[in-house]
Structure formats: C-alpha cells, structure tokens
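Topology and contacts: notes
What follows is the residue order along each chain.
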Amino acid sequence: MSELIHISVAWPYANGDLHVGHLAGALLPADIFARYNRLKGNRVLMVSGSDAHGTPITVEADKRGISPREFFEHYHRRSLEAQKKIGISHDLFTHTDTENHIRVAQDFFLLLLKADALYRKIQRQLYSETEKRFLPDRYVEGTCPYCGYTEARGDQCDNCGRLLDALDLIDPHSKIDGSKPIVHETEHFFLDLPKFSDALLEYIETHAVHWRPNVVNFTRNYIEGGLKGRAFTRDINWGVPVPLKGWEDKHIYVWFEAVMGYISASIEWAQLNGHPEAWKDWWYDPAAKIYCFIGKDNIPFHTIFWQAELMGVKRIYEDDESKQLNLPFNVPANEFMNIEGAQFSKSRNWAIWMPDILTRYDPDAIRYYLTAAMPEARDSEFSWSDFLNRNNNELVATWGNLANRVLSFAYKHWDGRVPEPGELRPEDQELLAKIEAGFDQVGKLFESVKLRAAMREAMRLAQAVNAYLDRAPWFSVIKQDKLSAATTVFTALRAIDSLKVLFSPFLPFSTEQLHMTLGYDRPLYGEQRIETVQDDDRAHDVLVYDSSKASGKWKPSELKAGQLLQKPKPLYKKLDESLVEEECALLGS
RNA sequence: GGCGAGGUAGCUCAAUGGCAGAGCAGGGGAUUCAUAAGCCCUUGGUUGGGAGUUCGAAUCUCCCCCUCGCCA
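Note that the structure is predicted; figures quoted are calculated from it, not measured.

Within the secondary structure layout, Thr233 lies in strand E11 (residues 233-234). Judged by relative accessible area, which is 0%, Thr233 ranks as buried. At a separation of 2.7 Å, a polar atom in the side chain of Thr233 contacts the side chain of His188. Here Phe189 takes part through its backbone nitrogen, which lies 3.0 Å from a polar atom of the side chain of Thr233. Look past the residues within four positions of Thr233 in its chain and what remains in contact with it is Phe109, His188, Phe189, Val242, Trp247, His251, Ile252 and Tyr253.

Now the structure itself:
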C-alpha cells in the first residue's frame, strides 16, 4: 500500500558553507529515509531550502560591504552544488527569500492574526544610532551588573554564567562598531503560545508514542514548565516584512518564518510540477505522515512552535472547513557531531566543510562514514582515522570487495553474462532466504528511523555472503565442474543484486554503478538538477529531483541467467593513511 | 541558575530490572576468486565516582564530577 510521506528537512542557514554537522544532523538522514520510502513505492515529498534571513546574515553582509541578498545567494549556490554532489535528493531545495515564500509567510501571519493567536506588546530595547537599527542582545557587550566582568554579552555573562537582560548591562556598546546604544521603545507581535498549551500536550500524548525519548521528554517538559508568548516580529530590515500598514520596517522573526518554508516549498514544488494543488495531498490528507529531520538545537521549534502555528491557522489556501493542516508525525532529531574531540566552531575553523572534502573523497565514502557515525542517540565524533578505517576495512573490504570478486569472476568465466545455474542446493536457498528476510529486517529499522542500525544490518548480510562464498564451490571447481561454480556464482550475484537495493539509500552513487554493471538499463533513482526558477520580479536557483526514470524497488533480486554484464570496476577506493595527518592539519587553521 | 540528553572494551557505538554485546583495531589459524581483500577462532570491561532500593542494577532513587543542547 502506497503511503504519503512528507520529509521536512531543517533549513540550513545560508551564512556559510555546509559542513558535516548539517549532513549528519539532518540532510543525510532525511535523504536516506526519502530514498528508502521511494523504493517502497511511497509518494515522497522532501523539501527544504536555505534560510536566507536573520541578523547574522545582515551583519556578515555589512562587513563585506555587500547586500544581504548578494551574500546569502553566494552560499545558497554553493549549497546546491554540494548537495547535488553528495546526493541529497530534495524534491525541491529552494530558499526563504523567494516571492512565493514571502507571500506564504505573510498570509500565514495574517491568518494567525485573524485567529487571535498573535498579540501586541511594547518592549524596551537597545538601539544603535550609528547603524540606525535595534541591536539583538548578542550584539551588545558591556559590564556584567553582577560580577563586573567587562565583556559580558547582552544575553549572558560568560564569566559568571548569569543570564542578563541587555538593558541591565553597565556601559553597553555595540559589538559591531563599538558605539553606545540608547534605549528605544518598540512594539511587537507575540505568538500566544500559552493558548495552545493544552492542545500541544494532547498532541504529544497522541503523536509522540513512537518518538525518540529525548525529543518527547524535552518537549513535554518544556510545555509543562509553562509556555510564554514569544516575539513573532523583529526590528530588522531584512526578512519577510510584516504585512500591515505602519509596520513596514519590521519583519517576521526568522525562526517562525523558516518553518513555514515546509509549506511554501511544498507549494512551490507543486507549481513547478504543473499541479499547483498537489501539495495538499501531504498537508491535508490525515493519513499522510510528516517527518521533520532536524538537529537537537531545533527541537522546540519543530515540536512546539511550528505545531502552534499550524494549529493557529488551521488551514491555508483551503476553503473546506472540515480540513486541517497536518501536524508532524515524527521529529527524529539527531544530536550533534563533534570533530576530533572538540565542538564544531566556525570562528576557529574547527570544521569539515562539504565543498572542500567533496574535492578529495567520493560522496559514498563520506555518506558511509557519516551514517556509521550518525549522532542518533547522543553526540558523536567525526575522526579522520576512523573515517579511514571504516572506509578501508568495512566499505571497501567487506562490501566493495564482495561485489568486485563475484562480478570479475562471472565476467571472466561466462563471457560477461550471468551464468545459467544448476538446481539450487540447500545452502544456496538458505543464503537467498536470509537476504530476502533482510528486506523486512532492514525495513523495520527504517520505519523506526534507526539508520545506523539499518546500514549495519545490511553490512552483516554482506558478511554472510562472504562467508557463503568461503564454503561454496566456485573458483576451486571452475575447471572440473563448471555447473557447480555457475550455481554458486548465480546465487552470489542474486545476493549482491539484492544487497545493492538494501545499501542504495545509504550509497546511491556506487549502487547505481553496480546496478549498471549488473546489466540493467534503467537507473535505481531519479536525477538531481540545479535549475533557475523565474518569479514575477526575480529569479532563484533550486535543486530538484526528477524521479521519472527511477526504477528501484524494495524487493529481492530477480536477476535472470544470461543477462549481459558490463565490465566490472571497483566500487570504492582504498584510502591512504597519510590522509589522517593531512586532514587533521587543516583543522583550526 | 532551571530543564533535557549523555558518560559502557584501545576506538566508534548497542543493550529500559534478568549471564554486559557488536563492528573495527589487537592475537592465532586454514585459504587465494577478489582492491594484501574475504573466512574461522580469539584476547579486551570494577558500565564516570559514591551511597541506596531489589533475589537481581549499565538500567530505578539520591549526592558528586564531566560533556552537550535549550531557556538565551
């Protein structure tokens, strides 16, 4: 039975390149999960985009003397390239500064206002006269009123650890230009979260049964601790303008606006595909399942605030009052990936950047390691020596070598064709039955979003094929009893053909190569393309996934004897241990 | 400071009250189709520290230490 699966992937902030944290935290698990569901025959809609708004982008753009738009578009384009190379198969990866997104976010705002989910409140905030703008708390520095530390930030004192109100800082000054800010009053809209408290708890009790414990506990506790209204608008001159007269200078708070992108991107996808209403299948059919793939820092936004927004508007671009927007079905948040024993840090360049490592390593080698070390249950560690070992000892040695040894042997002894087997012996049937059962076992792990375990299970099956080959007659009998050898090689080829499917969500590039080597002509997966979309006034670049040529199915091999093989080539490269020292030297430089 | 998660073998990680496991690394063995790959066997643990509950604790409770996230 075909299911509707929506995959909402956290929007990477476009103030820098993608790094392994983005991949391991959200992008890669989402892609693996999407590919599995496509193979299962489910209707998948996976969307995301670059988060283009917010203060850090304006600050960086100012530093470089360019516009925020020019600044984020640079990183957006690099993000598209990197994700295409590593095979993150978004049906649409767009950004939040499109005319479509701005329109949707503004309509969302107006619906929330109409639903009485927003209220107005006047605040006092620090204002920079030199920059003609309000200063976010973390861009203010001054003396801590408690401990006297002179470099306390507006939100927190790093010396005594106390939380501060920027207005309490002694001798406050702007971190950007050192000028002294003054106190201004400013009015804002707030999202009335307490109003949704009961409904949110109810949602957690009914929906979160199968969620990861850390996500449920954190969320329940957060709500039970008492929700407070949160500022929904900001004094910033970059973002989605508040669509009300007299409010033109204020913009919707970037966090609240970015999550709306899951809907705006679904709408954009539907329009690009010529079925403008198609997005509603995922957002209004109660049977559709929405999965949010995010990092742990994002949990409250995807388990509380986004739900409150959806509950608040109830429906958008839909007149039928019996319909209601779907709430996320699961939020499989990942923890963080540290690097060589220390936290990721952009300022110290303690980071592994995707565009950079993609110049040196194959995408599947990176995908294999990031999945094996994925922070599903707790923070995990990226270590270059571990990367080397897992690549050489697991990916190359166990799985790559298995495919290569069998294919080379078959190609050499049966004129480049799949051999005609004799009757299958008990050990052949046993192996094939084991592999067939793997589709259910690995599938179950996918359903509960345990991707590390799923890949390990596939690897265990590859080991079982190696063990089978150790006992079965083939190279030792090729001269005397070619039929026996043919039966073994046929069985092993079928096993490899099945393993190719099991591994393909994790390793889409190499399994596609293997698929072709095995003599198929239609690819397992669709094609990714970077395209330019023309809006009313502007244009923007997107990454799309075209599934029209995809033929992969989540089911055991039916490889036929006589099928013409292509000359096999190794699927993976063994890496030299010198890389460990070289890569570590690049960290922090 | 409050809340949440985590600390398990050399490394990366499993194990939610019932004999502490896996992969890799390390050691030994029989092999040669294959990228010196694969297969079989195997050495490693006072589960961060302390106290308690229990017939039984990595797991539950309390205290302490350390790491991460959110509140910010």
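Below, the discussion takes up the sheet that holds strand E2 (residues 43-50). Within a sheet, each strand pairs with its neighbour through backbone hydrogen bonds, oriented either parallel or antiparallel. Read across the sheet, six strands follow the order E13-E1-E2-E3-E17-E16 without closing on themselves; strand pairing throughout is mixed. Lying at the two open borders of the sheet, with one neighbouring strand each, are strand E13 (289-293) and strand E16 (527-534). Pairs of neighbouring strands in the sheet enclose a mean axial angle of 20 degrees, with direction left out of account. Pairing of strand E1 (residues 4-9) with E13, which is carried by five bridges, proceeds in the parallel orientation. Across the sheet, the residue bridging to Ile7 is Tyr291, located in E13. Against the sheet, helix H1 (residues 20-39) contacts E1, E2, E13, E16 and strand E17 (539-546), and its axis sits at roughly 165 degrees relative to E1.

Here three strands make up an open sheet; going across it, the order is E7-E6-E8 and the pairing antiparallel. For this open sheet the edge positions go to strand E7 (152-153) and strand E8 (170-174), each flanked by a neighbour on one side alone. Two strands pair when backbone bridges link them, and strand E6 (residues 140-143) and E7 are joined in this way by two bridges, in the antiparallel orientation. Across the sheet, residue Glu141 finds its bridge partner in E7, namely Arg153.

Attention shifts here to the pattern of salt bridges. The full count for this structure, using the stated rule, is 30 salt bridges. Where Asp235 meets Lys250, a salt bridge forms, and the shortest distance between an N and an O atom there is 3.3 Å. Here Asp235, found in the loop between E11 and strand E12 (251-252), pairs with Lys250, found in the loop between E11 and E12; they are 15 residues apart in sequence, far enough to count as distant. Taken individually, Asp235 and Lys250 each receive the classification buried, so the pair is uniform in this respect. Lys280 is the salt-bridge partner of Glu318, the closest N and O atoms lying 3.2 Å from each other. Of this pair, Glu318 sits in the loop between helix H10 (299-313) and strand E14 (337-339) while Lys280 sits in helix H9 (residues 280-284); the two residues are 38 residues apart in sequence, bridging distant segments of the chain. Among the charged side chains, a salt-bridge network with shared partners connects Asp386, Arg390, Glu394 and Arg456.

Attention now moves to the pairing of strand E3 (residues 92-95). Going residue by residue along E3, you find Leu92 and Thr94 tucked away on one face and Phe93 and His95 tucked away on the opposite face as well. Sheet topology note: the E2/E3 ladder contains four bridges and is parallel. The residue bridging Val47 from the neighbouring strand is Leu92, located in E3. With two bridges connecting them, E3 and E17 associate as antiparallel partners. By the bridge assignment for E17, Phe93 is matched with Leu543.

Considering all chains together, one arrives at 42 aromatic pairs under this definition. With a centroid separation of 5.5 Å and an interplanar angle of 75 degrees, the aromatic rings of Phe71 and Tyr75 are classed as edge-to-face. Of this pair, Phe71 and Tyr75 both sit in helix H3 (residues 68-86), four residues apart, which is roughly one turn of the helix. Each member of the pair, Phe71 together with Tyr75, is buried. Here the aromatic cluster, defined as three or more aromatic residues joined through ring pairs, consists of Phe109, Phe189, Phe218, Tyr222, Phe232, Trp247, Tyr253, Trp255, Phe256, Phe301 and Phe305.

Put simply, chain A has an average pLDDT of 92, and 98% of its residues get 70 or more. Here the prediction assigns the complex a pTM of 0.95, and the interface score ipTM is 0.92.

This part is about helix H6 (residues 213-224). With 12 residues, H6 should cover 16 Å at 1.5 Å per step; its first-to-last C-alpha distance of 16 Å lies within 8% of that length. Those residues of H6 not exposed but buried are Val215, Val216, Thr219 and Ile223. For H6, the buried positions fall inside an angular range of 95 degrees around the axis, keeping them on one side. Exposed side of H6, more than 90 degrees from the buried face: Pro213, Asn221 and Glu224 are the residues found there. The inward-facing, buried residues of H6 abut helix H5 (197-207) and H10. Positioned one or two residues after H6, Gly226 has a phi angle of 95 degrees, which is positive.

Conventions and cut-offs
- Residues numbered from 1 in each chain as written.
- Chains lettered and ligands numbered in written order.
- Predicted model: local features only at pLDDT ≥ 70, side-chain atom pairs only at ≥ 80, totals over all residues.
- Heavy atoms only, no water.
- Helix = DSSP H or I, 4+ residues; strand = E, 2+ residues; numbered from the N terminus.
- Buried < 20%, exposed > 50% of the residue type's maximum accessible area, 1.4 Å probe, protein only.
- Polar contact = N/O pair within 3.5 Å; in protein donor to acceptor, adjacent residues only side chain to side chain.
- Contact = heavy atoms within 4.5 Å.
- Pairing = 2+ DSSP bridges.
- Axes fitted to C-alpha atoms, helices over the stretch in contact; angles between N-to-C directions.
- Salt bridge = Lys/Arg side-chain N within 4 Å of Asp/Glu carboxyl O.
- Phe/Tyr/Trp six-rings, centres within 6.5 Å; stacked < 30°, edge-to-face > 60°.
- pLDDT = per-residue confidence, 0-100.
- Expected span 1.5 Å × (residues − 1).
- Arc of directions from axis to C-beta.

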